[in-house]
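# Reading the structure
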Amino acid sequence: MTDLTTSYMGLKLRNPLVVASSSLTGHLAGVKQAADAGAGAIVLKSLFEEQLAAETAAMGKHAAYAGHTEAAEYLQGYGMELGPNDYLSLVRDAVKAVDIPIIASLNCFSRNSWSEYAKKIAAAGAAAIELNIGLLPNRSGQQGRAIEEHYYQILHEIKLQVDIPVALKIGPYFSSLAEVADHLGRDLVEAPPFTVGWCGPGETPAKICWRKADALVLFNRFYQLDIDIDNLELIAGNPLSAPNEINLSLRWIALLYKRIESDLAATTGIHDGRDAIKQLLAGATVVQLCSTLMINGMDQIGQIAKELESWMQTHNFSRIDQFRGLLSQARSKHPENFERLQYIKLFVGLE
Ligand SMILES: Cc1cc2nc3c(=O)[nH]c(=O)nc-3n(C[C@H](O)[C@H](O)[C@H](O)COP(=O)(O)O)c2cc1C
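Here is a short report on the structure shown in this document. Note that the structure is predicted; figures quoted are calculated from it, not measured. (Residues numbered from 1 in each chain as written. Predicted model: local features only at pLDDT ≥ 70, side-chain atom pairs only at ≥ 80, totals over all residues.)

### Some points on the site of the ligand
- Taken together, 25 residues surround the ligand, and among them Ala-20, Ser-46, Ser-241, Cys-290 and Ser-291 come closest.
- Only strand S4 (41-48), strand S5 (102-108) and helix H10 (291-296) provide two or more residues apiece to the shell around the ligand.
- The residue inventory of the shell around the ligand, partitioned by class, reads eight nonpolar, 14 polar and three charged. (Near = placed C-beta within 6 Å. Helix = DSSP H or I, 4+ residues; strand = E, 2+ residues; numbered from the N terminus. Nonpolar A, V, L, I, M, F, W, Y, C, P; charged D, E, K, R; others polar.)

### Some thoughts on the sheet that holds strand S12 (residues 286-289)
- Pairing in this closed barrel of eight strands is parallel, and the strands run S3-S4-S5-S6-S7-S8-S11-S12 around the ring. Each adjacent strand pair in this sheet contributes to an overall mean axis angle of 25°, direction not counted.
- Alignment of S5 against strand S6 (residues 128-133), held across six bridges, turns out to be parallel. Along S6, the bridge assignment pairs Leu-106 with Leu-131.
- Most of the contacts of helix H8 (residues 247-256) go to strand S11 (residues 263-266), to which it runs at about 170°, and overall it touches strand S8 (215-218) and S11. (Pairing = 2+ DSSP bridges. Axes fitted to C-alpha atoms, helices over the stretch in contact; angles between N-to-C directions. Contact = placed C-beta atoms within 7 Å.)

### Topic: the pairing of S5
- Most of S5 is tucked away, with seven of its seven residues classed as buried.
- Residues Ile-102, Ala-104, Leu-106 and Cys-108 of S5 are buried on one face, and the alternating residues Ile-103, Ser-105 and Asn-107, pointing to the opposite face, are buried as well. (Buried ≥ 20, exposed ≤ 12 C-beta atoms within 10 Å, placed from the backbone.)

### Quick word on helix H4 (residues 84-97)
- For H4, which comprises 14 residues, the first-to-last C-alpha distance of 20 Å matches the rise-based estimate of 20 Å (1.5 Å per residue) to within 8%.
- Buried within H4 are the following residues: Tyr-87, Leu-88, Leu-90, Val-91 and Ala-94. Down the axis of H4, the buried set is contained in an arc of 155°. They therefore lie on one face. Among the exposed residues of H4, those pointing more than 90 degrees away from its buried face are Asn-85, Asp-86 and Lys-96.
- For H4, the secondary structure elements touched by its buried residues are helix H1 (28-36), S4, S5 and helix H5 (115-123). (Expected span 1.5 Å × (residues − 1). Arc of directions from axis to C-beta.)

Next up, the structure:
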């Protein structure tokens, strides 16, 4: 018997196939469809910080958030009109309607704005929260360390508010991703060496002052910019990924497996069963699916599950943990192969 069950952030999943946050999961019908199609868990469409801010300020001020990589497109282009109260209703209704974990998603870029709302999400029954943080530092003077600390602070502040697991979905654009993953992916039990003011009120440096993300979701595929050379204007790039976009997250999942304590969720470029198997072999706890479901329909979840099952049978694996991370750097006899960035003539054989 093939057992696809998986534990993700402590949640029991019937399989590791998670429907990613997107317009597919921004309404109850989509949530039910995903569950009926066999998903292991569902990440709801994100509530954007702008939507929360819109309670007190007009929505027309989105442009003020220069450097935020997604909001404009996702808000305008994909009809995400849910306000914060509607979003809580969606969480409640989704939790009632299906018997798989519902993960709420918050797209944030500033600190201090989410505390109360995160508590409401937990009270509405979400099994976990996925924080989607996407900043595009694009001006000289924005120091890398300060930007990293901003990510840590957002995570920290939400972790102080809720007891449910919190995943962090990030992009790959850090100068030292391993260091960032290390900070996000471990509880910190001593005073952090580089800043004062890390610890929350009432905490002392001697105890845990920094809680890890329960999962890292690698990597978000941000809004893509393109140029229309006929009309001389900026346009949106293709919102859907291609299968060959899997390799960046594949490498980093393989590098980070067993090096940090957070679970690892793979996203971007996972289109079929083979892609899902690759990510599990690299060390992913779960894979998240979006573009492939938009292209092929929700039934693709069942198809991927079938491919996974049949591959496991062929290779005599009855459980996923028998092969998860088998091809990670931590378990490799040739760890240097994971770090190779340059093509070598002899190695590639192309020239
Ligand atoms: C139309 C569309 C809307 C999306 N909306 C969100 C969102 O609200 N929040 C989020 O975290 N990711 C969002 N994403 C990103 C997906 O969750 C996913 O990470 C990304 O598409 C890469 O996965 P894929 O290659 O399977 O498409 C969106 C993607 C698309 C195509």
